[in-house]
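Summary of the model geometry
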Amino acid sequence: MTMPEGAEAGPERLVSALVDKGVLTSDWLPAFEAVPRHRFVPDVIWPGRAGMNRQSDRVIRSEEPEVWWRAVYRDAPITTQWDDGAYTGSGTGRIPSSSNSMPTMVFSMLSALDVDDGHRVMETGTGTGWNAALLAHRLGSANVVTVEVDGATARAARTRLTAAGFDPLVVVGDGARGHAPRSPYDRVIATCSTGRIPPAWVAQTRPGGVIVAPWGPVYGGEAVARITVAEDGTAAGRFTGSSAFMRLRAQRTARPHVRDYLKGRPWPADGVKSTTALSPDDVGGWAVMFAIGLQVPGAFPWTESYPDGSYTLWLRDTAVTSWATADYEPDRTAYEVVQSGPRRLWDEVETAYRWWVAHDRPGFDRFGLTVTPPRAPALARHPRPPGAPGHRIGPVPVLVRPVRTRRGRGPRRGCRKTARGGAGAGILGARARAPREAGAVPRPRHP
Ligand SMILES: C[S@@+](CC[C@H](N)C(=O)[O-])C[C@H]1O[C@@H](n2cnc3c(N)ncnc32)[C@H](O)[C@@H]1O
C-alpha cells in the first residue's frame, strides 16, 4: 500500500518510537517490518489514545484515509468492534470487544514471551490477526495456533493472514479451553485479560514453558503476568508491567445499575453516613486499584463526575448486596462516606489502601502469581488480613521479594460537587489511570 499523500505518520516513525522506548528489540524488528500493521487493521475503526480508556469516533478508511493512516501508525490501541459486534455506529458503543492492541504492549508482551526457534505458541484473542502474524513470521505458521471467540472477527483475521502470506491455525472458540490437539505448547499468550488463569493454559503448556497473560481483579488495576509451568502442573511467576486489556469474554463482570442497589429509594436510602480522612482521589491509581482489588474481591468502582469537577466514588459488589459512596471535593481534609449492606465497601477499600501504604506502595513488579491445578487449590498466601471474610478468591497475586520500590503519585485536583446524577452521568472506573492501554478496558457506560 502506498502512504496517503500528506500523511507524515508511518511505519518508520512508529518503529523509531518503539525502538527508542526499548520495547521493539532487534529480534522482533524483522517481524515488525515484514508484517505492517496497516495490513491487519480493518477499514472501519475507532482509534484509541495511549494511556486512556477512551476511543475517538468511528473512522472509515475510504472517507478519511489520512486520519485512518495516522491512527494505524500511532502507538495506541485501535478498537475494531463494540459490544460483540452489535454497535457499528459513528460514535462509540458500550463495551469495546475487539481491537488491534497498542504496539508498545504488543512488543512488550512478545518480548516477555521470550520465544525461540521451533517454539510452538498458542494465542488466545486473535483479534485482527496482527500478533498471530508477527508470531508466524518469527516461528513459522505451523507453530502458531490462535483462538478467537468471535466468529466474524476470526474469519476476518484469517482472510488478512492469508493475504499477508501466513497460515497459522485460526480456531473459532473459547480460548480459555486452549487448543488441546496441538498441545503441548512452549508458549501461551493471551491478548485479552483474565481474573483467573484458565487451567487449560497450564495443562497445555509443557513443563518449563511460559504463559504470558494480562491479569486483573474485578475492581480494576491490571498487569501482565509471566508464569512458568513446573513439572507438577503448577505455574508461578511475576508481573512484568501494567496493562489494560479487554476481558476474556466468559470472565466479564456484570455491573448492575445503581438503582438495583437503591431498590427504588433515593440516595442515601438506608446508607449509614460517616466521614473519612482518606481522599477518594488517593485510591484511583492503576497500581493501588490492583492492590485494592486483591483484597476487596467481587466489588467494582464507578466515578460519578459533576460539571464542576468534583465527583462521587461509588463502590458496589457484584452480589448486589452492598454499596458505598465517597464524595471528593478539593481542598478538604474530610470526605463524606455513605455505606449500605452487609459489606462495608469503603471500609474494605480503606483497609486495603492502608495495607498498600504500609507495604511501601508496592507496584506491579512486587506481586507474584501462583496457579495450582484445579483439584488442589491453594489458598493465597496474603501477607496481611484485610478484605471481607468469605470473599476471598484464589489463587490471587501475592507480594513477593522486593526488586525496587515505587512511589505512587500524589493526589489529583478536582472541583466541587454539584449534583448526584443518574444513569450515564459519569465517567467510569474510579478515575482509573491505565498507564499503557493495549485494548480498551471493557467498562459499562452506565453506573
Ligand atoms: C485486544 S483483542 C486481541 C488483539 C489481537 N491479538 C491482535 O493482534 O489484533 C482481544 C480479543 O480477544 C477476543 N476474546 C475475548 N474472549 C475470548 C475468548 N474467551 N476466547 C478467545 N478470544 C477471546 C476478543 O474477541 C478480541 O478479539
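As the structure is a prediction and not an experimental result, all values here were calculated from the model. (Residues numbered from 1 in each chain as written. Predicted model: local features only at pLDDT ≥ 70, side-chain atom pairs only at ≥ 80, totals over all residues.)

**Notes on the overall build of the protein**
The cut-off we apply is this: Only DSSP runs of H or I with at least four residues qualify as helices, and only runs of E with at least two residues qualify as strands; both kinds are numbered from the N terminus onward. Partly exposed residues are those whose C-beta has more than 12 but fewer than 20 other C-beta atoms within 10 Å; 20 or more makes a residue buried and 12 or fewer makes it exposed, with C-beta atoms placed from the backbone. In this description, any two residues whose backbone-derived C-beta atoms lie within 7 Å of each other are considered to be in contact.
Looking only at helices and strands, one finds ten helices and 18 strands in the protein. The 447 residues of the protein split such that 49% are buried. For the protein, restricting intrachain contacts to residue pairs at least 6 apart in sequence, the fraction spanning at least 24 positions comes to 68%.

**Some remarks on the sheet that holds strand β16 (residues 335–340)**
This is how the line gets drawn: Should DSSP find at least two bridges between two strands, the strands are taken to pair. Axis angles are defined between N-to-C directions and span 0 to 180 degrees, where every axis is a line fitted to C-alpha atoms and, for a helix, only to the segment in contact.
Reading across from one edge, β12-β16-β15-β14-β13 is the order of the five strands in this open sheet, with antiparallel pairing throughout. Every other strand in the sheet has two partners, leaving β12 (272–276) and β13 (299–305) as the edge strands with one partner each. Taken over all neighbouring pairs, the strand axes of this sheet differ in orientation by 20 degrees on average, direction set aside. Here seven bridges tie β13 to strand β14 (residues 311–317), and the two strands are oriented antiparallel to one another. Directly across from T303, in β14, lies its bridge partner L313.

**Here we look at unusual backbone geometry**
Here the amide bond leading from S183 into P184 is cis, since omega sits at 5 degrees, within 30 degrees of zero. Residue P268 is bonded to the preceding W267 through a cis peptide linkage, with omega at 15 degrees. Along the chain, P268 falls in the loop between α8 (258–262) and β12. Its identity as a non-glycine residue notwithstanding, D360 has a phi of 70 degrees, on the positive side. Tracing the chain through its elements places D360 in the loop between α10 (345–358) and β17 (367–371). The phi dihedral of R361 is positive, around 50 degrees, even though this residue is not glycine. Checked against the element boundaries, R361 lands in the loop between α10 and β17. With 18 C-beta atoms counted inside 10 Å, the residue R361 sits in the partly exposed group.

**Looking at the environment of V337**
Looking at the element boundaries, V337 is found in strand β16. Considered as a pair, V337 and G271 are 66 residues apart in the sequence and their alpha carbons are 9.1 Å apart. Setting aside residues up to four positions removed in sequence, V337 forms contacts with S274, T275, T276, A324, A326 and W346.

**A short note on the sheet that holds strand β1 (residues 44–47)**
The strand order across the open sheet formed by four strands is β2-β1-β3-β4, and the pairing between neighbours is antiparallel. Where the open sheet ends on each side, the last strands, each with one partner, are β2 (59–60) and β4 (96–100). Where β1 meets strand β3 (residues 78–82), two bridges bridge the pair, whose relative direction is antiparallel. Bridge pairing in β3 links W46 to T79.

**Overview of helix α6 (residues 151–163)**
What counts here: Here a helix's expected span is defined as the number of its residues, less one, multiplied by 1.5 Å.
The terminal C-alpha atoms of α6 lie 18 Å apart, and with 13 residues this matches the ideal 18 Å at 1.5 Å per residue to within 8%. Where α6 is buried, its residues touch β3, β4, α5 (130–139), β6 (144–148) and β7 (169–172). G165, located one to two residues past α6, shows a positive phi value of around 90 degrees.

**What about the packing of helix α9 (residues 286–295) against α10?**
As a reminder, the rule being used: Note on terminology: angles under 35 degrees are roughly parallel, angles over 145 are roughly antiparallel, angles of 65 to 115 are roughly perpendicular, and the others are oblique. Note on convention: near helix rotated counterclockwise from far helix by under a right angle means a left-handed crossing. Clockwise means right-handed.
Where α9 contacts α10, the two axes come as close as 9 Å, and the packing angle between them is 120 degrees. Our classification of the angle between α9 and α10 gives oblique. α9 and α10 meet at a crossing whose hand is right-handed. When α9 is examined against α10, the residues V288, A291, I292 and Q295 are found in contact with a partner set consisting of V349, A352, Y353, W355 and W356.

**With respect to the nonpolar core**
Condition: We define the nonpolar core as any set of buried residues of the types Ala, Val, Leu, Ile, Met, Phe, Trp, Tyr and Cys, connected via C-beta atoms lying within 7 Å of each other.
The biggest cluster of nonpolar side chains holds 108 residues, and the ones touching the most others in it are A133, I211, I292, L315 and V349. Sort the elements by how many residues they give to this core and α9 lands first, with eight residues. Apart from residues no more than four positions distant in its own chain, I211 is found in contact with V188, I197, W201, V202, T205, I227, V229 and A235.

**Remarks on helix α4 (residues 103–113)**
Of all eleven residues in α4, nine are buried, a share of seventy percent or more. Where α4 is concerned, the buried positions are P103, T104, M105, V106, F107, S108, M109, L110 and L113. Where α4 is buried, its residues meet α1 (11–21), α5, β8 (185–190), β9 (205–215), β10 (223–229) and β11 (235–242). Looking at the residues trailing α4, positive phi occurs at D114, about 55 degrees.

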